[in-house]
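Residue-level listing of the chains:
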Amino acid sequence: MKKENLARSPWLLHFDTGSCNGCDIEIWALLSPTYDLERFGMINKGNPKHADILLVTGPVSLKTAPRLRNLYDQMPEPKLVVACGDCASTGSPFIGCYNVRGGVDKVIPVDVYIPGCACRPEVLIDGAVMALQKWREKAEAMDREVKA
Amino acid sequence: MSSVLEQAASIALWALTPVLIGLMLGLDRVITARLQGRKGPGLLQSLRDLFKLLSKKGSYVNSSQMAFAYLSLALYAIAAFVLITGSDVMTAFLLSGVGSFLMVMAALSVRSPYSHLGAHRELMQIMAVEPVVMLIVLSMGYVSGTFLGSSMDYVMFLSLPLAAAAMVPMLVIRLEKSPFDIATAHSEIVSGPYVEFSGRTLGITKLAHWFELAVMFGILLLLFDTADQALGLAIKTVVVLATVFIIAIIDCSTARLTRWSMLRFSLIFCLGAVALNLLVLYIIDLGVLG
């Protein structure tokens, strides 16, 4: 019951670490009536302290890396990170650029990688549902910690 | 014996208040989604959100922020209890007012500028709402000759129609709906006074807010009290559903206004409407028209 509530009310935080805005537009499309993410109980919250899932787009530049870390640290447990698109997953095609650290997993742990340039809204929904499965596992682990 | 049963029933109703308000907010979200051409979440979504927040790990900036949030929850819950058990309506209203101020104190006790901005806007909302609701409660006292909720057992709406109408914009403000979602203004100052609350602590503030909504809706529903319990329940259900529907339509069809236009609207039109209603009643009572 408790885990069902967790999994059916994930609040999102979207952060652009240097994306071309391609993936960002697809994320905003999720909130439109066509894809309507709110039917899964997901709401876009512009505040890390209220969020459960962090959606990151774009390769992590040197300037945004500490900010990304800061946002991640402010989110309350249990939390999830979803790397949206090829750039956020691996850093391509900007790997090796003088101003880029690489993928999101170079800075914070990532739970789900979503492929695509830009990632399609359908795949984003798939990724979010996969993230929810991981969330259940995390919540169970948290429960075991509390009991131990 | 029946009074003991009635008291037990009203205490049970008070314990169920968060569930009822959660269902009402869920209905509001369903209606809003349908009006926007979306499928939207289920009826239980607001309750799920609350349970999720309460089961997360909470964090707070300092202990005074936490203390103010808990105190605010306690005062709102006591205010709802006083109102639902049919005691003094004015006491319930004043207690809920103190609860609002404590929430502002909680927002001011951290150093975030967004939290402070939200707190100041919340104060503006309190300035817009409290005088109008205060006058509505006073006029309820004038009409029925008492502030005891249990003694107000006839339809006061018939003598105070403008008071019921003025309650709708007040509920729009307290529900943080457009055009008067000044304090929590999403995409502008994120979530105003709640910006520094997180996880379980945010759940506590949400629960406090639900009890406050219970007091506001309780004052509205007192205007529709009847001696016949079953008929009264039916009327009140219809009133709540109609109010939620009207507020959803207002929310979907308007853009956010400034805090000054909120103050002007509330203190001129809403306060004026209730005062006019009271003046007409006074003239009728003087017997000038008869």
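An account of the accompanying structure is given in this report.

About the thresholds
- Residues numbered from 1 in each chain as written.
- Chains lettered and ligands numbered in written order.
- Predicted model: local features only at pLDDT ≥ 70, side-chain atom pairs only at ≥ 80, totals over all residues.
- Buried ≥ 20, exposed ≤ 12 C-beta atoms within 10 Å, placed from the backbone.
- Helix = DSSP H or I, 4+ residues; strand = E, 2+ residues; numbered from the N terminus.
- Pairing = 2+ DSSP bridges.
- Contact = placed C-beta atoms within 7 Å.
- Nonpolar A, V, L, I, M, F, W, Y, C, P; charged D, E, K, R; others polar.
- Axes fitted to C-alpha atoms, helices over the stretch in contact; angles between N-to-C directions.
- Parallel < 35°, antiparallel > 145°, perpendicular 65-115°, else oblique.
- Core = buried A, V, L, I, M, F, W, Y, C linked by C-beta atoms within 7 Å.

Turning to the pairing of strand S5 (residues 80–84) of chain A, a few remarks are in order. Residue and element names in this part refer to chain A. Across the 5 residues of S5, 5 count as buried, placing the element largely inside the fold. Bridge count between strand S3 (residues 53–57) and S5: 5 bridges; the pairing is parallel. The partner of Val-56 across the bridge, within S5, is Ala-83.

Once that is clear, we can look at the interface of chain A and chain B. Facing 16 residues of chain A, the contacting portion of chain B comprises 27 residues. Looking at side-chain class alone, the side of chain A that touches chain B contains 3 nonpolar, 6 polar and 7 charged residues.

This next bit is on the packing of helix H5 (residues 113–144) of chain B against helix H9 (residues 259–286) of chain B. Residue and element names in this part refer to chain B. Two elements in contact, H5 and H9, have axes separated by 10 Å at closest approach and are oriented at 5°. Here H5 is positioned roughly parallel relative to H9, judged by the angle of their axes. Mapping the contact onto sequence places Arg-121, Met-124, Met-127, Ala-128, Pro-131, Val-132, Leu-135, Ile-136, Ser-139, Tyr-142 and Val-143 in H5 and Arg-259, Met-262, Leu-263, Ser-266, Leu-267, Cys-270, Leu-271, Val-274, Ala-275, Asn-277, Leu-278 and Leu-281 in H9. In terms of residue class, the contact of H5 with H9 is made up of 18 nonpolar, 3 polar and 2 charged.

Okay, the environment of Gly-203 of chain B next. Residue and element names in this part refer to chain B. Relative to the assigned elements, Gly-203 resides in helix H7 (residues 200–222). On the basis of neighbour count, Gly-203 is assigned to the buried category, with 20 C-beta atoms found within 10 Å. Distance in space between the C-alpha atoms of Gly-203 and Ser-100 is 16 Å, their sequence separation being 103 residues. In this structure, Gly-203 is in contact with Leu-50, Leu-53 and Leu-54, ignoring residues within four places of it in sequence.

The next thing to look at is the nonpolar core. Residues and elements named next belong to chain B. With 74 residues, the main nonpolar core has Ala-80, Ile-136, Met-170, Val-215 and Ile-219 as its most contacted residues. Counting residues per element, this core draws most heavily on H7, which supplies 15 residues. If near-sequence neighbours (up to four positions away) are discounted, Met-170 is found in contact with Val-129, Val-132, Val-133, Met-216 and Cys-270.

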